[in-house]
Amino acid sequence: MEHLWFYIAIALAVSDLIHGRLVWKVFSDFYIVFGGILNIATKDNKLAWLLHELLEAVFHFIVISILFLNIEIGIMAALIHLTIDLSHTIFIRHMPAIQHRALHFIIESVLFIAIFGF
């Protein structure tokens, strides 16, 4: 358990990859239509984007909670991932995939070390 922070960061990275594959490979047609429905329902691109990010956080919450059998870890992982996603989307507009993954992993690792590492 002394490396719990590392396991959570790895699981969250894998969860993010799974989410991306599901959204853009398996359910891409549904996702495009769903995005259009969100955009029409909210009448605001920023709100539709925020809802998308919140739904992604729910996905990560479910996956991490099941993997670690711990709701608190799922909540923390989802909130940390959501905060990083919102922050880097606002402050860093264009980021290649490898840099995006590295940014998430480094920040998530540092935060989880701060929470579970001591």
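Here the structure is a predicted model, which is why all the values come from computation and not from measurement.

*Asks:* Looking at this structure, how should I read the overall build of the chain?
*Replies:* For the chain, the count of helices and strands is five helices and zero strands. For the chain, the N- to C-terminal ordering of α and β elements is α-α-α-α-α. In terms of C-alpha radius of gyration, the chain reaches 15 Å, essentially the compact-globule figure of 13 Å for 118 residues. With respect to the principal axes defined by its C-alpha atoms, the chain has extents near 45 × 30 × 25 Å. Out of the 118 residues in the chain, the part that is buried amounts to 31%. Accessible surface, the chain as shown: approximately 7,800 Å² in total, 74% of it carbon and sulfur. For the chain, the distance from the average site of its 6 positive side-chain charges to the average site of its 9 negative ones is 12 Å.

*Asks:* What is the right way to look at helix α4 (residues 71-91) in this model?
*Replies:* Note: α-helices contain 3.6 residues per turn, so residues at a spacing of three or four share the same orientation. The terminal C-alpha atoms of α4 lie 30 Å apart, and with 21 residues this matches the ideal 30 Å at 1.5 Å per residue to within 8%. By the burial criterion, the buried members of α4 are Ile73, Gly74, Ala77, Ala78, Ile80, His81, Leu82, Ile84, Asp85 and His88. In this structure, the buried side of α4 is in contact with α1 (4-26), α3 (45-68) and α5 (97-116).

*Asks:* What exactly am I supposed to notice about α1 here?
*Replies:* Between its terminal C-alpha atoms α1 stretches 31 Å, which fits the 33 Å expected from 23 residues at 1.5 Å a residue. What α1 keeps buried is the set Leu4, Trp5, Ile8, Ala9, Ala11, Leu12, Ser15, Asp16, His19 and Val23. For α1, the elements touching its buried residues are α2 (28-42), α3, α4 and α5.

*Asks:* Would you take a moment to explain the side chain of Ser65 for this structure?
*Replies:* Residue position: Ser65 is located in helix α3. At 2.7 Å, the side chain of Ser65 forms a polar contact with the backbone oxygen of Phe61. Contact partners of Ser65, with chain neighbours within four places excluded, come to His60, Asn70, Ile71 and Gly74.

*Asks:* Just to check I follow, could you spell out the pattern of salt bridges for this structure?
*Replies:* Oppositely charged side chains may form a pair once their charged atoms are brought near each other. Counted by the stated rule, this structure contains one salt bridge. The salt bridge involving Asp16 is made with Arg101; its shortest N-O contact spans 2.5 Å. With Asp16 in helix α1 and Arg101 in helix α5, this pair connects stretches of sequence that are 85 residues apart. Note on Arg101: relative accessible area 31%, which makes it partly exposed.

So, how was this worked out
- Residues numbered from 1 in each chain as written.
- Predicted model: local features only at pLDDT ≥ 70, side-chain atom pairs only at ≥ 80, totals over all residues.
- Heavy atoms only, no water.
- Helix = DSSP H or I, 4+ residues; strand = E, 2+ residues; numbered from the N terminus.
- Rg over C-alpha atoms; globule rule 2.2 N^0.38 Å.
- Buried < 20%, exposed > 50% of the residue type's maximum accessible area, 1.4 Å probe, protein only.
- Areas by Shrake-Rupley, 256 points an atom, 1.4 Å probe, with all protein chains shown as cover.
- Lys, Arg positive; Asp, Glu negative; His and termini not counted.
- Charge placed at Lys NZ, Arg CZ, Asp CG, Glu CD.
- Expected span 1.5 Å × (residues − 1).
- Contact = heavy atoms within 4.5 Å.
- Polar contact = N/O pair within 3.5 Å; in protein donor to acceptor, adjacent residues only side chain to side chain.
- Salt bridge = Lys/Arg side-chain N within 4 Å of Asp/Glu carboxyl O.

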